[in-house]
Each structure stands twice: as C-alpha cells, then as structure tokens.
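# A structural walkthrough
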Amino acid sequence: MSKMINITIDGKALQVEEGKNLMIAARENGIFIPSLCYYEHIEPPLGSCRVCSCKINGKFGPACTEKVTEGLTVEVNTPELTDTRKALVEMMFAEGNHICPACEKSGKCDLQHMGYELGVSSTRFQHLFKDRIIDFNPSRMVMEHNRCIKCMRCVVDVLTSDGKRVFTYQNRGNETFVGIDYEQEARLTEEEAINAMKICPTGAIIIRGVNQSEPFGERKFDLQSSQKDYNKKTAHKKRTVPMEKKIVATVSLAGCFGCHMSLLDIDTELLDVVELVSFTKSPLTDIKKFNNRCHIGLIEGGCCNSENVETLRYFRENCDILVALGECAVWGGLPTMRNAIPLSECLEEAYLNSVTSEPGNTIVPYHEDLPKILDRVYACNEIVKIDYYIPGCPPDANHIWKAVKNLLWGEEYSILYSEFKYD
Amino acid sequence: MNRKIMIDPVTRVEGHGRVTIHLDEYGQVKDSFFHIVEFRGFERFIQGHPYWEAPVLVQRLCGICPVSHHLAAAKAVDQLVGIDPKDLSPTAILLRRLMHFGQVFQSHALHFFYLASPDLLFGMDAPAEKRNVVAVAVENRELAIKGITMRKFGQEIIKAVAGKKIHGILAVPGGVHKTLTEEERDYFLSGKQIENIDTMIEWSLAIVNFMKDYHAKNRKFLDEFAAFPSGHLGMVNQEGGLDLYDGRLRAIDSDGNITLNDISTDLYQEYFSEAVAQWSYMKFPYLKEVGRDKGWNRVGPLARMNICDFITTPLAEKERQAFIAFTGKKVNNSTMYSHWARLIEVLHCAEVIRDLLHDPALMGNDLIRKGTPRLKGIGIIEAPRGTLTHHYEVDEKGMITRCNLIVSTTHNNDAMNTAVKWVANNVISRSGTITDGMLNQVEVAIRAYDPCLSCATQAMGKMPLHAEVYNHLGELIDEKHKN
C-alpha cells in the first residue's frame, strides 16, 4: 500500500496517497476542481487549459500537474480563484466562435459544461469573431476550427495503430491551430475516429454521420452536475408585506422572438403573473413610449441595425434594471455568424445571387425609411450597460420567471441544472 | 402640402416593420409602403458549414415556427443523403408529421387568442389598453384559458418529440433521432396530466363556431375589409387534398384558374422568381410565367382553403364546405377570412394529431435510412403562415455552397402591401387627422396574414404604433402614439 501523507485543502486536513495527482486526491475527498484538459489516462497531464488553477502552497498553479506531497496546502474554493476560473472559461468563449445553438456537440461539450458549473452567463471579454475555416478535407471527420480551444488532448491522445500522430499544433502564439494529417486520419478505424470526437472537449472534431444522436433532456450534461447547490441564490428574508405591483417592459431586437415565446410558456401561470406585474412598452401591449419609469426591461436579441441600437438605448434610459434575455442578447447569438463575413457579401448573396433572383437585377435595398445595417451583430452589453444576463436559446420559462421574480422582489430561488442552458 | 405618415414600428418576427403612407397636398394617398427593416444574412453565413447542421441552425430564423424551418431544412437535407420524403421510415414520417401538426396547432392558437381575438372581441376602435390578451382574460377568462391551454398542448407535443418546446431537435439526415414512448403518447391521450386530444378537438370546434357566429354578425366587414384579387399558393397531396407536411405545389389566380399545376416541389426555382425593391429588405416572389405584376400569390390558411379540393379529416372538411359556401365556391379574396380559415386548420391539426397518436407505428424503432448522396436538396413545407422553401447545395465533402430560403411571409409581401394600400386609400386618404382607430386598421390588415415579421413582436397581437406626419420640407408637423 502506498504511503499516506497529510495535506490541507481549503483548511481541511486530509490523508491521501503520496504522489497522487491533486485532481484525483481532491475528488476522492469530495472536492470538485473544474478542468477542461485533464484526462486521467493522459500522462503527464497537459496543463493547457488552466481551468483547474488553485493556490498551491501560496502560489497560483494548475492542480492537474501537481502530485501531492507531505504538508501540501491547497486553496480551491476562494472567491478569487472561482472568479479566475470563470474568467478563463469566459476567455475561451470569447476567443473562439462558440455558438452553442448551432453546435451538434451541445449538451456533450466540456466547455459548455464548465460554463454551467461556473455559472458563466456572459463574458467580460469582447468576442473576437475571427474568421476561421471549417476543414472538410479529412475523409471521415470535419475539423471545426471555430470551436477548438487548443487543449492538446487530440494532439497527444489520437494516434494510429502504429503510433503516428493524427493532429499537430501548427504556428505559434495567437496563430496556433490544430492541424490534421489527412493521410493518418484516413487510417483511423471508425471507432478510433469516433473516439477522437469524444476526446475533443468541444465540437471541433465532428465525425460525419454521427450527429444529434441524443435528444434534449437525455444528453450528457443536461442533468448532471458536480455542484450540489448549483446556481442557488442567497435566500432573502421571507416577505411579510404584500407584493408591490411592478412594471415590466420587453422588446425583441435582432432575435427570433423565441425568448418571448418562452415567456409565454408558463402558460396559465401568466394569468397569475399579470396580477403582479403591469406590462408597459412591450409586444404585449400597444404602448409605444414609456409613460412611467419601468422596474425591469427584458431585452431579446442583439443589435444588427441602427434601429436596434436606438431602441436599446431608449430602454436603458427608462428601466431601472435591464436584463439581456437569451443567447442573442447575451452574446449576439447565432446572427453573429455573419460577423466574420463582409456585410456586402451577405447582401449580394441575398439580393443578387440567389437562384430565384431576377436576371440582371442590380438592386440591393437602401432607402431613407430603412434602418442602416451595422457592420456586424453586437451583443447588448456592447451598446449599453446590462445588469443581468439569462442565457439560453431560448432560456427555459421557469428560469426566466424565477430570475425576474428574484430581481423584482428578492425571492429565494434556485435554477435547476436542466433549466440553465446556452442552447 | 405633401405629407408622409410613418407608422413605426410595425412589429415583426425578426425585428420591426414600418409603414409609410405618402399623401399629396389634397390629402390623397399617393403611395404606401410596408417596409421590412431587418436583414440577417442566413443565406450567406450558412455557407461553409456542414449540411447536417442546417436543420438545427436555420430554425433560429424564427422562435414561433422553428419547427417549420427545422423540418423544411430536414427535408432538403434528407435529399442530400439520398432520401426522398416517401423513402423515410414510416415512424420517421409519422413523428415529423406529429411535430409539424403540433407546431401549426400551437402557432394558430397563439395567433388567434393572443393576437387576433382582441380586435375581434373589442373592435378595431377599442381603447388601446383593451386590445391585448390580458384584457381578453379579464373579460372572458374561460376563452383565455382555453386559448392558452391549446397553445400549451401544441408546445407539449413538440417537446415530446424534440425535447424542447422551442428550438428542439427531432430530424436528422434521413430520419429522426428518437421515437415516442408509450408513456409519452399516453400523456396526450389519457387526459390525466393535461387536457387530452379529444378535448382539443372539442375546443377547436367551439372556436370555429365562435368565428361562424362572428361572421354572421360582421359579414360585410369580413367581406370588404382589405379585400383584393390575388393569386393563391399552397401544397396539396396527390389527390388534391390539403397537406401541410408534404405534397405538390398548386397555385390559382383570383378567378380560380390554375397557374401552377401540382408541380413537384423540386422544381420550384423553374417557376418562381423574386423581385427586390429599394425600400424593403424583404423580397417579392412571383410566378415567372404570370409575371411580376399579377404573378404574386397569397399563402397561408386562406390560400390553402382556396387551392385544395378537400381537407383530409372529416370535421375540418365539413367546416371547409361551410366556409366555401359563402363565396359560392368562388375564390375567396377577402383578407379577413384568413382568421376563419386558420381556425379550420386548427381543427384539422387536432384531428390529425389524434389520428397520429393512435397509430402504433409512431412508436417504432426504424428511425434513420441512408441512400446515395446528392449535391442538391429542396425542402418545402406548409408552415403556419404558408409555403416555406429551403434549398441547399453542397460540395462532395458535405459543405454548404449555396442556400436559398423563401419564407412564407415573403410570399405575402405583396399581399400585405396591397392590404396597407387598401386601408390607406379607403380609411386614411383625405381624412385630415390621424386617429388611433385608423392606425389600428393598418395593423389589422397586416395582422390577418400573421406575418412572420409578427413572429417577433407582433406575436402578442400588440403592434405599438407611432405615426409621424412630415411636411414637404421633411419637418415633423404631427405625431401620434398608440398608447
């Protein structure tokens, strides 16, 4: 039997086997350390994602590359570390073109999972929207570079039967990407190729014909969580006075109206809600201008034209609390897929080059009564200050109303793991 | 003095629409426009992506009828893997149909109860604060609860097969990725947890009867308001019956003459062209052979009632007979009859859903089939608002190289502009002052088409309007809000 040694994690004295990986030692003692690149069978550990960053003997470092030694002191769950990890995951979302509603790995994506675990509802970093290719050349798979987080898992772990590498890092620094050796990829068996897809923490490696195999609600990360009190908000004191009626406004900018549909999915509870809130400027009403100061404004959709920007600013001026509701308002959502493409190309394709375009047509709409289309689609927080974010495409109805009620009346609430999604 | 009346925003699915009405110095309408003010560029940015992601990706066009986009794309993608609609497994066809009819059922219920009913119950000139679903609930709680519950039923059907009420996933290339369990099926039949499908049929019949009563009292209004001749387009099955999921394209002119004779959906681009106007981001489809001026068609419930020979379910067919009897079997060109037609389709959907739920093949396990890959796929479906076309071309590697989408409301672009012109000419022209009632009539005319621009903000039935009057120098001289 291995020698037992004494370590301390978050002030708790533990006895663990000497030399054991810190990630495993923590897990065996009921302590969850988030990670993206760590796989037990990859030795030495990659240490590439840094999401497992902890304070080890007083210094920042990745837990996955640490082997426990006598007297080791580790801090895992401090506000500073939690926020650091969250920032690291947010950076990954911002750096790549991660659009969960469009991704077939959604629900089985480790990056998404870390987002859930860490409660990432928006990013503090501006999204880069780099123009990355999707490589269709491999014989069996498609390499979606927009989704790669360069964790190195595939580089070190996907080998042919005779030990040849299939994936390699190419270029350096910010220009690094994971290249694929087409010749070696073609030699992988179907099972090996599928394993390559599974080992990828995101949807960067996709095998043709193996998609969308599990429905919503049954996918890997729909229901599982390592957190026991996931996303639970601090309980406020029980209300002793009747609820004051609040004023709510809603608007749909460059969205699909799915979030408004989700608002309605509380069904007949809507009749109870309208006892507690009055809808002012909203598609629910005919009210065009704010007549009174509004307690909360729910914004669906990002900004793709000048009118969206004006409307959003108008909401900011008139609402105490502004909530970005749904993927498009929070991150820009699926419409941001046009951000890496020149606007002129989008217009030409729609109006001049379509298969049903009139021969010789030269008209692209442009008129004094049409708002100007922006160079790209912007998330709401790029235009005005947003107070709260509810991601999801669309967010679950229960999630929306729990959050809104909490914001308006400070009600205790807890979002179920299955209710908090990006897709 | 020339004037321009601007109604802004007329809300829509993906943003807002806007109406401008131009008057001459005598107050006579010179012109009017229904501007579609948003552009998103799906047809371009989907290029370069794998075709199998299309059904999931393009459904984000719309949050009210995502199922229609999901399935139209799926039908196109089926062809890319070599599967024609008839070659899908029986279970896949039934599940997709169930999803689609659940979708049309909920969307029509949403439109009628949340959108149209305030206008019909309270009148076009009712105070603005009354024209919403909350007021409907206050005045007629039972009706509101029925409407909400009917929409919920459709949403629950979608959730059962797609996992999510909005933007769920059922279809994959060549089939579906899940079946329906006995437990899921019984949820809709037993009546233990939600009102069952038989209740939905009963309530659908009741609401059709409500509309018939309304018609008896308001026939002149329904006949005349925003009525104009036009073509009508939709899909029918091999026997000429109404089919919302699959079939052949048929169009007629305003007198009932065939202008598109049951063509295969694969051939649509040989028959249709789309014009572009400087003043709208939405295009104007029309039949090439008929020409730009007269070749445009209305689509949606009214058009479908006009072009089909019969409805395939008995109760709805009986109601269709009553519907067409009022026009003496002539083509119905009255905009406001769209609401009645829509409710007949609600009943039809409920009947189809009941039949599907009783079909044991719905719970089969033969889900996905494969064929010989092709480079082009065209999927056409009758979405709640009308004929919806998805067309994809790919390279040998499976990358989308071309995409063409004609959404239902695009077909109705000319019709909605004509409806706006009707209100402008008949209500606003020479009127001098603008009233809330006049503005609402513009909304009512547009709303009858349940435009997919309404899939966005109009979905609640409340199109907040703002009208501005400018003088010929472009100076704001009058302003009106509908509050």
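What counts, and where the lines are drawn
- Sequence order as written defines the numbering, with residues in each chain counted from 1.
- The naming scheme follows written order: chains are lettered A onward, ligands numbered 1 onward.
- Totals for whole chains, interfaces and linings use every residue, but because this is a predicted model, local features are given only for residues with pLDDT of at least 70 and side-chain atom pairs only at 80 or more, for both listing and counting.
- Side-chain metrics in this entry use all non-hydrogen atoms of the structure; hydrogen atoms and water are not considered.
- Labels follow the DSSP assignment, with helices taken as runs of H or I lasting at least four residues and strands as runs of E lasting at least two, numbered in each case from the N terminus.
- With the radius of gyration taken over C-alpha atoms, the globule rule is written as 2.2 Å times the number of residues to the power 0.38.
- In this scheme, a residue with accessible area under 20% of its type's maximum is buried, one over 50% is exposed, and one in between is partly exposed, where area comes from a 1.4 Å probe on protein chains only.
- Two residues qualify as a contact provided that any one of their heavy atoms is within 4.5 Å of a heavy atom in the partner residue.
- This count recognises Lys and Arg as positive and Asp and Glu as negative, with His and chain-terminal groups excluded.
- Where a charge lies is defined by one atom per residue type: Lys uses NZ, Arg uses CZ, Asp uses CG and Glu uses CD.
- Accessible area, probed at 1.4 Å, shrinks when two parts are joined; the buried area is that loss added up over both.
- For salt bridges, the criterion is a side-chain nitrogen of Lys or Arg within 4 Å of an Asp or Glu carboxyl oxygen.
- Counting of polar contacts relies on pairs of N or O atoms within 3.5 Å, with two restrictions inside protein: one atom must be capable of donating a hydrogen and the other of accepting it, and residues adjacent in sequence are counted only when both atoms are side-chain atoms.
- Pairing of aromatic rings covers Phe, Tyr and Trp, the last through its six-membered ring, and needs centres within 6.5 Å; plane angles under 30 degrees mean stacked, over 60 mean edge-to-face, and all others mean tilted.
- Here, the term nonpolar core denotes a set of buried Ala, Val, Leu, Ile, Met, Phe, Trp, Tyr and Cys residues that are joined through side-chain atoms within 4.5 Å.
- At least two DSSP bridges between two strands are needed for those strands to be called paired.
- Per residue, pLDDT measures the predictor's confidence, with a range of 0 to 100.
- Interaxial angle, 0 to 180 degrees, is taken between N-to-C directions of lines fitted to C-alpha atoms, where a helix line uses only the stretch in contact.
- To sort the angles, those under 35 degrees are grouped as roughly parallel, those over 145 as roughly antiparallel, those from 65 to 115 as roughly perpendicular, and the leftovers as oblique.
- Crossing handedness is read from the near helix: turned anticlockwise from the far helix by less than a right angle, it gives a left-handed crossing, and turned clockwise, a right-handed one.
- Throughout, the ten residues Ala, Val, Leu, Ile, Met, Phe, Trp, Tyr, Cys and Pro are labelled nonpolar, Asp, Glu, Lys and Arg are labelled charged, and all others, Gly among them, are labelled polar.

### Details of the overall build of chain B
Along its length, chain B carries 15 helices and 16 strands. What you see for chain B is a C-alpha radius of gyration of 22 Å, in line with the 23 Å of a compact globule of 483 residues. Overall, chain B is about 70 × 50 × 40 Å in size when its C-alpha atoms are taken along their principal axes. A burial count over chain B gives 70% of its 483 residues as buried. When contacts within chain B are restricted to residue pairs at least 6 apart in sequence, those whose partners lie at least 24 apart make up 68%. The averaged location of the 58 negative side-chain charges in chain B is 1 Å from the averaged location of its 55 positive side-chain charges.

### So, the interface of chain A and chain B
With 77 residues of chain A in contact, the opposing surface of chain B contributes 100 residues. Both faces combined, the contact of chain A with chain B buries some 7700 Å², and carbon together with sulfur accounts for 60% of it. Where chain A touches chain B, the interface holds five salt bridges. Between Arg151 of chain B and Asp265 of chain A there is a salt bridge, and its shortest N-O distance comes to 3.0 Å. On inspection of chain A and its partner chain B, the count reaches 26 residue pairs in polar contact (both at pLDDT 80 or more).

### As for the packing of aromatic side chains
All names here are of chain B. Evaluation of the coordinates by the stated rule reveals 25 aromatic pairs over all chains. When the centroid spacing of 5.1 Å and the interplanar angle of 80 degrees are considered together, the rings of Tyr51 and Trp52 count as edge-to-face. Of the two residues, Tyr51 and Trp52, neither departs from the other in class, the shared state being buried. Aromatic pair Phe112 and Phe210: ring centres 6.1 Å apart, planes at 80 degrees, arrangement edge-to-face. Note that Phe112 is positioned in helix H4 (residues 90-122) and Phe210 in helix H8 (residues 197-224), a separation of 98 residues in sequence. For Phe112, a relative accessible area of 1% corresponds to the buried category.

### Focus: the nonpolar core
Core analysis: the biggest nonpolar cluster contains 257 residues, and Phe167 of chain A together with Tyr392 of chain B have the highest contact counts within it. The dominant element in this core, judged by the number of residues it contributes, is H4 of chain B, at 16 residues. Membership of the second largest hydrophobic core comes to 22 residues, among which are Leu14, Val16, Ala25 and Ala26 of chain A.

### Some remarks on the pairing of strand E15 (residues 319-325) of chain A
All names here are of chain A. Among the seven residues of E15, six are classified as buried, and the element is accordingly described as predominantly covered. Inspection of the sheet shows strand E13 (residues 294-300) paired to E15 by six bridges, in the parallel sense. Across the sheet, Ile296 pairs through a bridge with Ile321, a residue of E15.

### Remarks on the side chain of Asp135 of chain A
All names here are of chain A. Along the polypeptide, Asp135 turns up in strand E6 (residues 134-135). One buried charge, Asp135, has no salt-bridge partner; the nearest side chain with opposite charge is Arg208, at 7.7 Å. A distance of 2.9 Å separates a polar atom in the side chain of Asp135 from the backbone nitrogen of Asn137. At 2.6 Å, the side chain of Asp135 forms a polar contact with the side chain of Tyr182. Apart from the residues within four sequence positions on either side, Asp135 is in contact with Met141, Val142, Met143, His145, Ile180 and Tyr182.

### With respect to the side chain of Lys20 of chain A
Mapped onto the fold, Lys20 of chain A is located in the loop between strand E2 (12-17) and helix H1 (22-28). What Lys20 of chain A contacts, discounting residues up to four positions off in sequence, is Ala25, Glu28, Glu66, Lys67 and Val68 of chain A.

### Let's talk about the confidence of the model for chain B
Here chain B shows a mean pLDDT of 88. Residues at 70 or above account for 90%. In the predicted structure, residues 454-467 of chain B sits below a pLDDT of 50 and forms 99 contacts with residues beyond four places in sequence or in another chain.

### Details of the pattern of salt bridges
Tallying each qualifying case throughout the model produces 53 salt bridges over all chains. For the salt bridge of Lys164 of chain A with Asp162 of chain A, the shortest nitrogen-to-oxygen distance reads 4.0 Å. Assessed through its relative accessible area of 41%, Lys164 of chain A is described here as partly exposed. Among the charged side chains, a salt-bridge network with shared partners connects Asp265 and Asp267 of chain A together with Arg151, Glu156 and Lys165 of chain B.

### Quick word on the sheet that holds strand E4 (residues 59-62) of chain A
Residue and element names in this part refer to chain A. The five strands lie next to each other as E2-E1-E5-E3-E4, forming an open sheet whose pairing is mixed. Both outer strands of the open sheet, E2 and E4, are each paired with one neighbouring strand and no more. In this sheet, neighbouring strand axes are inclined to one another by 40 degrees on average, regardless of whether the strands run parallel or antiparallel. One ladder, built from six bridges, connects strand E1 (residues 4-9) with E2; its direction is antiparallel. The residue of E2 that forms the bridge with Met4 is Glu17. Those strands touched by helix H2 (residues 79-95) are strand E3 (53-56), E4 and strand E5 (73-75), and its axis lies near 145 degrees from that of E3.

### With respect to helix H12 (residues 343-351) of chain A
Listed as buried for H12 of chain A are Leu343, Cys346, Leu347, Glu349, Ala350 and Tyr351 of chain A. Its buried side turned inward, H12 of chain A meets strand E16 (373-378) of chain A together with helix H1 (42-45) and strand E14 (400-406) of chain B.

### Remarks on the sheet that holds strand E8 (residues 258-264) of chain B
Residues and elements named next belong to chain B. One open sheet accounts for four strands, arranged E8-E7-E6-E11; its pairing is mixed. Looking at which strands have only one partner, the edges of the open sheet turn out to be E8 and strand E11 (297-298). Pairing analysis gives two bridges linking strand E6 (residues 231-236) to E11, with the strands arranged parallel. Note on E11: the bridge partner recorded for His232 is Arg298.

### Regarding the packing of helix H6 (residues 141-162) of chain B against H8 of chain B
Residues and elements named next belong to chain B. For the pair H6 and H8, the least separation of the axes is 11 Å and the interaxial angle reads 130 degrees. With respect to their mutual orientation, H6 and H8 come out oblique. Here the hand of the crossing between H6 and H8 comes out left-handed. In contact with Leu143, Lys146, Thr149, Met150 and Phe153 of H6, H8 contributes Ile197, Met200, Trp203, Ser204 and Ile207. Residue composition of the contact of H6 with H8, grouped by class: seven nonpolar, two polar and one charged.

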